[in-house]
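Below are the chains, spelled out letter by letter.
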Amino acid sequence: MYLQKHPRKKKNDTYNYYSIAESYREDGKNKKRIITYLGKLDPEKAQQIRNVLKISMSTDTIITTFDDMLFEDHWHYLDIAFLNHIWDNECPLSELFPSSVETSKNRKKDISTGDIAKILTFYRCLDPGSYLNAVDWFKTTACDLILGIDGAHFNESRIYRELTVIEQQKEKIEQWLYETLKERDEKSMRLVFYDLSDSHFEGTKCELASPGRTKSHGFKSKRVVLSLLVNSKGEPFSWDILEDYTADVKTLTGSADKWAQKFGFEKITLVFDRGMVSDDNLKHLENSKKYLYITALDKNQLSGVERIKSERFRNFTEETTEKEIISIGLTKYDDNTYYEDLGMDSSNRRHILVFSPDLLKIHRKAREMFIEKAIEELKQEKQSLLEAKKSRQIKPTEKRIDKILNKFKVNQFLSYHLEPSVLNGNDGSKVQTFNLVYEKKTEAIKKAMLIDGIWMLVTNICETTEPMEYRLDPRELVKAYRDKNRVEEGFREVKSFLKFQPTFVYSKEHVRAHYTICILSYLLDVSITNRLRENKLEGVSSVNKAYRILERCEIGKLGLKGDKSRILKLTTMTDAQKNILEMFNCKYLGTNNHLKSIGVKAV
């Protein structure tokens, strides 16, 4: 049935009369008949009747009032469904975990290990916290509908049991990631980045932790050291928690041997931080024949580089011009970076000298500041010696002064000596003390200034490197070392956003599994980030912004007073949400067919 309009003209005016009509077929033809005449209606009344007719034609329509409608509950949907799409299609990881049958000899598991890993990974991406809180978070989501599981079986004891199983799959996951990422983009696996970071535990437990100094929180009695290996796109494919850790420089050779054996690659270029550079490490990589490397030298290692010719930088100041920099043999890289290929030295290592005017300013300002701070504390020590109430011994006094110089790393720039001095005590006794005399080492400071603003790349990549595609020119070498921030970004994401710390598990297997879950979360994050970088989307500046936009699309439970039946309904998707789904080829997540398959009605 429908409302039919009958316009009629009277004089110069048009009046609308209405009737209720219906269509039918007779003898193979479409016909219509009038059921009843309604007379003249105003537009508002006509629309009300249209609405009533529309409702009457629907088989699942209920006539009610707003006061009788119930909105009982709601669950996060679109952010979870989006991550599930990325997991299943961009990074199909579920197949790496044992099925319910494989992991249970007696009966099938209610929730598979793969689903537990998936849920915990989504949790770290969206709202990281303790594994106890993961159960409460799960109840606020539509994970059970999306994954097709019974949420009643997702509990804390199940999580901890499955963490052990997840950790047992780590080697398999790493191998699969290496092969998959290489197959997807072979070039991205030619150049890989390695780095270390640290974290710590509060409390008395953690079998993996040991006392040590952390980079951000000073000395901690329960420190753990994390390693991470990513490809040139920042995608992780190997990670570990290092036991019996001593120093960065001692980790590289063992890790390199393990990677070569695990992944079986023929050649790979490893980029790593200057903190891991030693002659033994570089020789080990060179002798393996499987590794090319790009790294940098510490400032105190520059003097041993052949052909550096640091004297040519003697007159460089903060006002040195581009023309002056180029005139001594450097080539411009960008507005603040210049380089020179020093070629291969006698040990067949290639050095690229890199100079930055901004770095020169930083080096000089830092040196001046540390020297002044050291002098300020030396003044205080001098005053203390000259006002001594008790006699001082030379060895403890020298140890105290050396500690000041070491604290500010200015030993090479300040010299001192102690002159014996005798003071009269209040009781007439003699107090044996010293006068501290110190001065700046002018020549040492001038020599240090010759390498201000300079950093040095060292590599075994040269013009004859085979295969040819592994050869890099100086600009490419500089870029490659700068790009090591991809692994640093990974650590920042794992520690800051995915919340590796604080860590709420303590056994070896659980801590390692926790790190694995954090890495899988980062894999999803970086996959999304890379797509957003390739295709700019207005209003979506980061992966976390994308999550915040998607989380607003939820499933609600609707019903009526006095009626026990309930329906699940999806909130209306915004244009921003639709744009994200379109970019990642998952518009189907909001379609009627898909929503119907999980028991939800679309808007």
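The rules behind these values
- Residues numbered from 1 in each chain as written.
- Predicted model: local features only at pLDDT ≥ 70, side-chain atom pairs only at ≥ 80, totals over all residues.
- Heavy atoms only, no water.
- Helix = DSSP H or I, 4+ residues; strand = E, 2+ residues; numbered from the N terminus.
- Buried < 20%, exposed > 50% of the residue type's maximum accessible area, 1.4 Å probe, protein only.
- Contact = heavy atoms within 4.5 Å.
- Areas by Shrake-Rupley, 256 points an atom, 1.4 Å probe, with all protein chains shown as cover.
- Core = buried A, V, L, I, M, F, W, Y, C linked by side-chain atoms within 4.5 Å.
- Salt bridge = Lys/Arg side-chain N within 4 Å of Asp/Glu carboxyl O.
- Polar contact = N/O pair within 3.5 Å; in protein donor to acceptor, adjacent residues only side chain to side chain.
- 1 Å grid on protein atoms, 1.4 Å probe; cavity = no way out; pocket = protein on both sides within 12 Å on 5 of 7 lines; lining within 4 Å.
- Points joined across faces, edges and corners; volume = space filled by probe spheres on them.
- pLDDT = per-residue confidence, 0-100.
- Pairing = 2+ DSSP bridges.
- Axes fitted to C-alpha atoms, helices over the stretch in contact; angles between N-to-C directions.
- Parallel < 35°, antiparallel > 145°, perpendicular 65-115°, else oblique.
- Left-handed = near helix turned anticlockwise from the far one by under 90°.
- Nonpolar A, V, L, I, M, F, W, Y, C, P; charged D, E, K, R; others polar.
- Expected span 1.5 Å × (residues − 1).
- Phe/Tyr/Trp six-rings, centres within 6.5 Å; stacked < 30°, edge-to-face > 60°.
- Lys NZ or Arg CZ within 6 Å of the ring centre and 35° of its normal.

Enquirer: Now, about the overall build of the chain: what can you tell me, with residues and values included?
Expert: The helix and strand inventory of the chain stands at 19 helices and 18 strands. Looking at the chain as a whole, 47% of its 603 residues qualify as buried. The contacts in the chain between residues at least 6 apart in sequence include a share of 65% that link residues at least 24 apart. As displayed, the chain has an accessible area near 32300 Å², and 49% of this comes from carbon and sulfur atoms.

Enquirer: Let's hear about the nonpolar core: which residues, and what values?
Expert: Ranked by internal contacts, the top residues of the largest apolar core, which has 143 residues, are Tyr-77, Phe-82, Ile-294 and Phe-355. Phe-82 has contacts with Ile-528, Tyr-547, Leu-550, Ile-580, Leu-581, Phe-584, Cys-586 and Leu-589, leaving out every residue within four places of it along the chain. Of all hydrophobic cores here, the second largest spans 17 residues; its members include Ile-371, Ile-401, Leu-414 and Leu-418.

Enquirer: Could you give me a rundown of the pattern of salt bridges, with the residues and numbers involved?
Expert: This structure, assessed with the given rule, holds 31 salt bridges. The partner of Arg-349 in a salt bridge is Asp-279, with the nearest N and O atoms 2.7 Å apart. Here Arg-349, found in the loop between β12 (337–344) and β13 (350–355), pairs with Asp-279, found in helix α9 (residues 279–288); they are 70 residues apart in sequence, far enough to count as distant. The exposure class assigned to Asp-279 is partly exposed, which follows from its relative accessible area of 37%. Look at the salt bridges and you will find they share partners, linking Lys-170, Glu-171, Glu-174 and Lys-262 into a network.

Enquirer: So, the environment of Arg-482: which residues are in play, and what are the values?
Expert: Topologically, Arg-482 is positioned in helix α14 (residues 474–482). When the C-alpha atoms of Arg-482 and Val-271 are compared, they prove to be 9.6 Å apart, with 211 residues separating the residues in sequence. At 2.4 Å, the side chain of Arg-482 forms a polar contact with the side chain of Thr-337.

Enquirer: Requested: an account of the layout of surface pockets, with residues and values cited.
Expert: By volume, the largest pocket is sized at about 910 Å³. As for the largest pocket, its lining consists of 25 residues, of which Lys-299, Asn-300, Gln-412, Phe-413 and Ile-451 are closest to the centre. Elements that contribute at least two residues to the lining of the largest pocket include exactly α11 (357–386) and α13 (442–449). For the lining of the largest pocket, the leading source of residues is α11, giving four residues.

Enquirer: Describe the confidence of the model for the chain, with residues and values.
Expert: Here the chain shows a mean pLDDT of 87. Residues at 70 or above account for 89%. Considering each helix and strand of the chain separately, the mean pLDDT is smallest for strand β6 (residues 210–214), with a value of 51, and largest for β13, with 97.

Enquirer: Tell me what's going on with the sheet that holds strand β1 (residues 2–10), and back it up with residues and numbers.
Expert: Spatial strand order, β1-β2-β3: three strands in an open sheet with antiparallel pairing. Edge positions in the open sheet fall to β1 and β3 (29–40), since each of these has one partner strand only. Going across the sheet, the axis of each strand differs from the next one's by a mean of 35°, ignoring polarity. Relative to β3, strand β2 (residues 13–26) is paired through 10 bridges, and the arrangement is antiparallel. Across the sheet, residue Ile-20 finds its bridge partner in β3, namely Thr-36.

Enquirer: Explain the packing of helix α8 (residues 252–263) against α9 to me, using residue names and the numbers behind them.
Expert: Contact pair α8 / α9: the axes reach a minimum separation of 9 Å and the direction vectors enclose 15°. Considering the angle they form, α8 stands roughly parallel to α9. Crossing handedness for the pair α8 and α9: right-handed. Contacts from Leu-252, Thr-253, Ala-256 and Asp-257 in α8 reach Asn-281, His-284 and Leu-285 in α9. Classifying every residue of the contact of α8 with α9 gives three nonpolar, three polar and one charged.

Enquirer: Can you lay out unusual backbone geometry for me, pointing to particular residues and giving the numbers?
Expert: Omega for the peptide link from Glu-466 to Pro-467 comes to -5°, which places this bond in the cis form. Take Pro-467: it is sitting in the loop between β16 (454–459) and α14. A positive phi angle is found at Arg-307, which is not glycine, with a value near 65°. Structurally, the position occupied by Arg-307 is in the loop between β10 (291–296) and α10 (322–327). The backbone of Asn-348 sits at a positive phi, close to 65°, despite the residue not being glycine. Topologically, Asn-348 is positioned in the loop between β12 and β13. Exposure remark for Asn-348: the relative accessible area of 55% places this residue in the exposed category.

Enquirer: Describe helix α2 (residues 78–90), and please don't skip the residues or the numbers.
Expert: Over its 13 residues, α2 extends 17 Å from the first C-alpha to the last, a length consistent with the 18 Å expected when each residue adds 1.5 Å. Burial within α2 is extensive, with 10 of its 13 residues counted as buried.

Enquirer: With reference to specific residues and values, describe empty space enclosed by the protein.
Expert: Evaluated as defined, the whole model comprises two cavities of 30 Å³ or more. Forming the walls of the largest cavity are Tyr-194, Ser-227, Leu-228, Leu-229, Ser-238, Trp-239, Asp-240, Leu-242, Ser-255, Lys-258 and Trp-259. Residue assignment for the lining of the largest cavity shows that the elements contributing at least two residues are β7 (218–231), β8 (236–242) and α8. Looking at which element gives the most residues to the lining of the largest cavity, the answer is β8, with four residues. Counted by class, the lining of the largest cavity contains six nonpolar, three polar and two charged residues.

Enquirer: Break down the environment of Leu-457 for me, with residues and values.
Expert: Take Leu-457: it is sitting in strand β16. Classification of Leu-457 as buried rests on a relative accessible area of 1%. Along the sequence, Leu-457 and Val-478 sit 21 residues apart, while their C-alpha atoms lie 7.6 Å from each other. Sequence-distant contacts of Leu-457, that is, excluding residues within four places in its chain, are made with Ile-294, Thr-295, Ala-296, Arg-350, His-351, Ile-352, Leu-477, Val-478 and Tyr-481.

Enquirer: Outline the environment of Thr-572, supporting the account with residue identities and numerical values.
Expert: Relative to the helices and strands, Thr-572 is located in the loop between β18 (563–570) and α18 (575–583). Since its relative accessible area comes to 57%, Thr-572 is described here as exposed. C-alpha of Thr-572 to C-alpha of Cys-553: the two residues are 19 residues apart in sequence and 7.1 Å apart in space.

Enquirer: I'd like a description of the packing of aromatic side chains, backed by residues and values.
Expert: Across all of its chains, the model carries 16 aromatic pairs by this definition. Relative to Phe-265, the ring of Tyr-178 lies with its centre 6.5 Å away and its plane at 50°, an arrangement referred to as tilted. You can see Tyr-178 sitting in helix α7 (residues 170–184) and its partner Phe-265 sitting in the loop between α8 and β9 (268–272), a full 87 residues away along the chain. Judged on exposure class, the residue Tyr-178 and its partner Phe-265 are both buried. Pairing Phe-265 with Tyr-291 gives two aromatic rings, centres 5.5 Å apart and planes at 80°, and the pair type is edge-to-face. Of this pair, Phe-265 sits in the loop between α8 and β9 while Tyr-291 sits in strand β10, and the two are 26 residues apart along the sequence. Three or more aromatic residues link up through ring pairs in this structure, and these residues are Tyr-178, Phe-237, Phe-263, Phe-265 and Tyr-291. Of note, Arg-8 hangs over the ring of Tyr-17, and the distance from its end group to the ring centre comes to 4.8 Å. The side chain of Arg-33 reaches across the aromatic face of Tyr-24, ending 4.2 Å from its centre.

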